[in-house]
Amino acid sequence: MPACCIRNADRFLGEGCSKSPIGYYTPQEVKVSVLQGEEVSATACIGAPELERRLYAVYNVSMRLGLVQINPCVGAIDLNVQAILSFIAEAGKKGCDLVVFPELALCGAPPLGLPRQPGFMKQMETALSKVAHASKEIGVIVGGVSARARQGKENLGALSLLSDATRIDLFNNAFFFADGALLGEEAKLAIPTADPCGGRYFAPGPGAQVFEFRGLRLGINVGEDLWIDDGPTETQASLGATMVINIAASPFFVGKGAIHHRTAVRRAVENGIILIHVNLVGGQDELVYDGASFVVSPVGDRLLQAPSFTEGLFVFETADPALSPLPPEEEIGAIRQAIVLGIRDYVLKNGFLRVIIGLSGGIDSAVVAALAVEALGKGSVIGVFLPSEITSQESCEDAATLAERLGIELIEAPIAQVVDAFNDALPQTPTGITAENLQARTRGTFLMTLANARDALVLATGNKSEIAVGYNTLYGDTVGAIAPIADLYKTQVYRLAAEIGGAIPLRSIEKAPTAELRPDQRDEDDLPPYPTLDAILRELIEKNASRDDLIASGFLEKTVIDIFTRYYRSEYKRRQLPLGIKLSAQALRTGQRLPTTHAYRY
């Protein structure tokens with residue numbers, strides 16, 4: 001028996017254990033905190049002798065695994081397979097026996113309806129044959145799509161597909177290659193209908209299985225399969241798997257890491273297995289995949305933690321594992337990384353090299369500009385200042401200071417004459433909110449025109465607080481290709497500005513927020529103070545609190561009713577906004593969605 005097994009045994013089995021005949025320690029009562037206020041005992045789940053057997057089976061087989069966090073481009077199968085082959089070669093040089101790639105790594109995630117397009121599956125087959133060829137001396141697990149002729153069972157979750165002439169069912173697969181051939185495949189079983197990769201596109205697989213590979217019995221499952229109680233993981237463990245590999249394309253949101261950790265620990269402890277979770281990395285439309293792959297021991301210790309938002313190969317060796325504590329999640333730091341990656345991948349994967357941002361001198365546009373520079377470099381970011389007759393000298397100075405500190409080009413284009421021309425052309429001169437919106441829409445037209453001229457994308461600068469209550473102008477400040485801070489409340493924007501630091505002018509942070517569409521306008525003339533507004537919106541959006549709940553908790557009835565009314569009637573605006581990078585579990589378009597036409601206000 002390798003000495004490392006005895007040397008490391010106490011790491012995995014904890015205190016209060018007695019030495020077993022095989023050199024391990026038999027746990028008397030190994031407990032691991034899994035959910036709030038709940039503990040799981042490994043011995044209670046599977047019994048001390050069985051846990052001992054499983055630990056022996058795992059740690060006495062020397063296997064080196066490579067976990068790859070890859071950033072594919074959706075639909076670019078040829079480019080993706082090139083990157084995969086490069087990582088396979090790197091894993092081979094590092095002595096890996098098995099290299100594991102995330103869910104849908106071959107085609108990118110989510111592919112939505114692309115797999116039904118002509119030629120897609122043929123490209124997938126070619127890619128799989130290349131991976132098979134590369135697996136002659138190393139095992140490879142990789143996510144992709146398979147298709148089978150429909151066998152009479154219709155996908156009742158997607159009746160609209162019945163008219164599809166292809167007459168095929170698609171499966172979200174893990175493919176397992178070894179010795180230059182396909183050893184087997186495992187199709188995803190849990191297909192959540194709310195997921196972007198869900199029941200609208202994929203059919204559930206036939207069932208879980210295990211694979212023999214170099215002395216270990218392995219189970220493989222995909223994405224949400226890991227989340228199912230008494231699901232694929234338990235089935236695979238009951239079939240003798242001592243290691244279960246979960247390949248995933250799990251998008252980032254604040255708090256997700258802790259949820260994944262608790263779930264993975266629960267599965268590992270309940271089943272006495274090593275659990276390996278390999279996650280995608282990169283931005284795709286409004287989603288950002290954060291990587292953060294990990295390995296959990298049979299008693300819940302974290303044996304490997306890959307970094308978040310980072311592409312690369314990370315090696316784990318069963319014969320000599322070391323503890324890798326779960327790092328604390330720094331909310332604002334993680335948000336910053338997610339937005340930067342989301343901007344970079346959206347712009348570059350869509351074939352653009354530069355972005356345009358309307359700078360107002362305020363906090364929102366300053367934060368978006370700073371993050372865009374971080375994502376793309378200062379030479380790829382253009383600031384545009386669009387003063388009207390109402391614009392203050394402070395705003396002009398703050399926009400110029402920001403551009404200078406960031407080192408970006410600044411275009412100044414006054415809009416007063418254009419607004420006057422609109423007024424003259426209209427049969428009646430606009431007043432009030434109509435006049436304010438005309439200014440915003442004039443700015444939107446300027447930004448889009450400049451973007452066309454520069455072959456650039458416009459980044460919208462609206463935040464979640466404004467978007468939630470409709471405090472924005474359609475076709476004005478809402479124009480753009482993607483909205484980086486659309487899932488951040490205003491109070492979070494201020495925290496992010498503090499995280500970014502000196503590039504943002506202090507006055508932009510300290511002055512009262514204003515849309516500056518009428519003389520001496522302040523946001524608080526139209527809305528509650530942002531700390532109050534955000535507190536109410538968090539309860540409403542994140543926790544589904546009712547009007548009565550919020551009033552009972554101490555918020556003014558008039559304020560609560562006003563915010564609820566604004567929130568419910570603004571869905572039509574939200575449906576027309578640019579993609580917003582998802583940062584929370586309840587993003588307004590990808591997590592929390594309402595009917596456009598409805599009369600609910602409670």
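Scroll up to find the structure.
Reading the values: the criteria
Residues numbered from 1 in each chain as written. Predicted model: local features only at pLDDT ≥ 70, side-chain atom pairs only at ≥ 80, totals over all residues. Heavy atoms only, no water. Helix = DSSP H or I, 4+ residues; strand = E, 2+ residues; numbered from the N terminus. Buried < 20%, exposed > 50% of the residue type's maximum accessible area, 1.4 Å probe, protein only. Lys, Arg positive; Asp, Glu negative; His and termini not counted. Salt bridge = Lys/Arg side-chain N within 4 Å of Asp/Glu carboxyl O. Contact = heavy atoms within 4.5 Å. 1 Å grid on protein atoms, 1.4 Å probe; cavity = no way out; pocket = protein on both sides within 12 Å on 5 of 7 lines; lining within 4 Å. Points joined across faces, edges and corners; volume = space filled by probe spheres on them. Nonpolar A, V, L, I, M, F, W, Y, C, P; charged D, E, K, R; others polar. Expected span 1.5 Å × (residues − 1). Phe/Tyr/Trp six-rings, centres within 6.5 Å; stacked < 30°, edge-to-face > 60°. Lys NZ or Arg CZ within 6 Å of the ring centre and 35° of its normal.

Novice: I'd love a proper account of the side chain of Asp 523, names of residues and values included.
Specialist: Following the sequence through the fold, Asp 523 ends up in helix H16 (residues 523-526). One buried charged residue, Asp 523, remains without a salt bridge, the closest side chain of opposite sign being Lys 490 at 4.7 Å. For Asp 523, the residues in contact, after removing those within four places along its chain, are Tyr 471, Pro 513, Thr 514, Ala 515 and Tyr 530.

Novice: Explain empty space enclosed by the protein to me, using residue names and the numbers behind them.
Specialist: Under the definition given, this model contains two cavities of 30 Å³ or more. As for the largest cavity, its lining consists of 20 residues, and the residues nearest its centre are Ile 467, Ala 486, Pro 578, Gly 580 and Arg 589. A class-by-class count of the residues in the lining of the largest cavity yields 10 nonpolar, five polar and five charged. Roughly 50 Å³ of internal volume is contained in the second largest cavity. Asn 71, Pro 72, Val 74, Gly 108, Ala 109, Leu 280, Val 281, Gly 282, Gly 283, Gln 284, Tyr 289 and Lys 349 together form the lining of the second largest cavity. No other element matches the four residues that strand S14 (residues 281-284) contributes to the lining of the second largest cavity.

Novice: Go over unusual backbone geometry with me, naming the residues and quoting the values.
Specialist: Looking along the chain, the bond that leaves Ala 109 and enters Pro 110 is cis, with omega of -10°. You can see Pro 110 is positioned in the loop between strand S6 (98-100) and helix H5 (120-134). For Asp 455, which is not glycine, the phi dihedral falls at a positive 55°. Along the chain, the position of Asp 455 falls in the loop between helix H12 (432-454) and strand S22 (457-458). For Asp 455, a relative accessible area of 48% corresponds to the partly exposed category. Despite not being glycine, Glu 516 shows a phi value in the positive range, around 50°.

Novice: Describe helix H7 (residues 256-271), and please don't skip the residues or the numbers.
Specialist: With 16 residues, H7 extends 23 Å from end C-alpha to end C-alpha; this agrees with the ideal 22 Å at 1.5 Å per step. Most of H7 is tucked away: 12 of the 16 residues are buried. Listing the buried residues of H7 in full gives Lys 256, His 260, His 261, Thr 263, Ala 264, Val 265, Arg 266, Arg 267, Ala 268, Val 269, Glu 270 and Asn 271.

Novice: Got a sec to walk through the packing of aromatic side chains? Specific residues and values, please.
Specialist: The full count for this structure, using the stated rule, is seven aromatic pairs. With a centroid separation of 6.0 Å and 65° between ring planes, the pair formed by Phe 564 and Tyr 568 is classed as edge-to-face. A residue pair is termed a helical-turn pair when its members lie 3 or 4 positions apart in one helix, as Phe 564 and Tyr 568 do in helix H19 (residues 557-569) at four residues. Tyr 568 carries the same exposure label as Phe 564, and that label is buried. Among the aromatic side chains, those forming a connected cluster through ring pairs are Phe 564, Tyr 567, Tyr 568 and Tyr 600. If you follow Arg 148 out to its NZ or CZ, it ends over the ring of Phe 171, 4.4 Å from the centre. Positioned over the ring face of Phe 294 is Arg 302, at 4.3 Å from the centre of the ring.

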